[in-house]
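Coordinates in review
Below are the chains, spelled out letter by letter.
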Amino acid sequence: MRTRQIILAAVLGLSTAALPAAYAADNMNSDGKPKQSVGEYASDTVVTTKVKAAIVADKSLSALDIAVETNNGVVTLTGTVATSAQSDQATHVARGVEGVKQVKNNLKVDASKK
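Calculation criteria
Throughout this document, residue positions are counted from 1 along each chain, in the order its sequence is written. Predicted model: local features are reported for residues with pLDDT of at least 70 only, side-chain atom pairs are reported and counted for 80 or more only, and whole-chain, interface and lining totals are derived from all residues. Hydrogens and waters are ignored; side-chain quantities use all the structure's heavy atoms. UniProt positions are given in the numbering used here, feature names are shortened, and annotations may be inferred rather than shown by experiment. A run of H or I in DSSP counts as a helix once it spans at least four residues, and a run of E counts as a strand once it spans at least two, with each numbered from the N terminus. Relative accessibility under 20% of the residue-type maximum defines a buried residue, over 50% an exposed one, and the middle range a partly exposed one, all with a 1.4 Å probe and only protein chains included. Contacts are residue-level and defined by heavy atoms, with any inter-residue pair within 4.5 Å sufficient. Accessible areas in this description were obtained via Shrake-Rupley with a 1.4 Å probe; residue shielding takes into account the shown protein chains only. For two strands to be treated as a pair, DSSP must find no fewer than two bridges joining them.

As annotated in an unreviewed UniProt entry, the protein chain carries the name Osmotically-inducible protein Y and is attributed to Bordetella genomosp. 8. Turning to the protein chain, the UniProt record has this under Subcellular location (unreviewed entry): "Periplasm".

Dropping the structure here:
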């Protein structure tokens, strides 16, 4: 029983220690400086989650067709929707989320998606 506890503690400790390293590796500019702080990264993650939830809640949009990425409060929407009205609605929904500073709509319209 004691051995299991030690192994579990070691695994949890290693995974917790790896998180900052994974964040750091993914968050570096080409000059080796961080793109954003850990706090900004966490805040952007919350904004992304809220925008995705708002898109899911909107019956006129398909969350499967719209990807959301946030960087320093700037939300970028990518994917393909059936109409320009859906594209506009996705932008409107994203703008309505607390913490969103700007929305970049890179959605493509494909009428065959209807």
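Within the protein chain, the secondary structure is distributed over 3 helices and 3 strands. Element order for the protein chain, N to C, with α for helix and β for strand: α-α-β-β-α-β. Each of the 114 residues in the protein chain was classed as buried or not, and the buried ones make up 25%. Of all intrachain contacts in the protein chain linking residues separated by at least 6 positions in sequence, the fraction that spans at least 24 positions is 58%. Accessible surface for the protein chain amounts to roughly 7,700 Å². Of this, 58% is attributable to carbon and sulfur atoms.

Moving on to the pairing of strand S1 (residues 66-71). Of the two faces of S1, only one is covered, namely that formed by Ile66, Val68 and Thr70; the face formed by Ala67, Glu69 and Asn71 stays uncovered. Pairing of S1 with strand S2 (residues 74-81), which is carried by 6 bridges, proceeds in the antiparallel orientation. If you follow Ile66 over to S2, its bridge partner there is Gly79. Connecting S1 to the next strand, S2, in antiparallel fashion are 2 residues, including Asn72 with a positive phi near 55 degrees.

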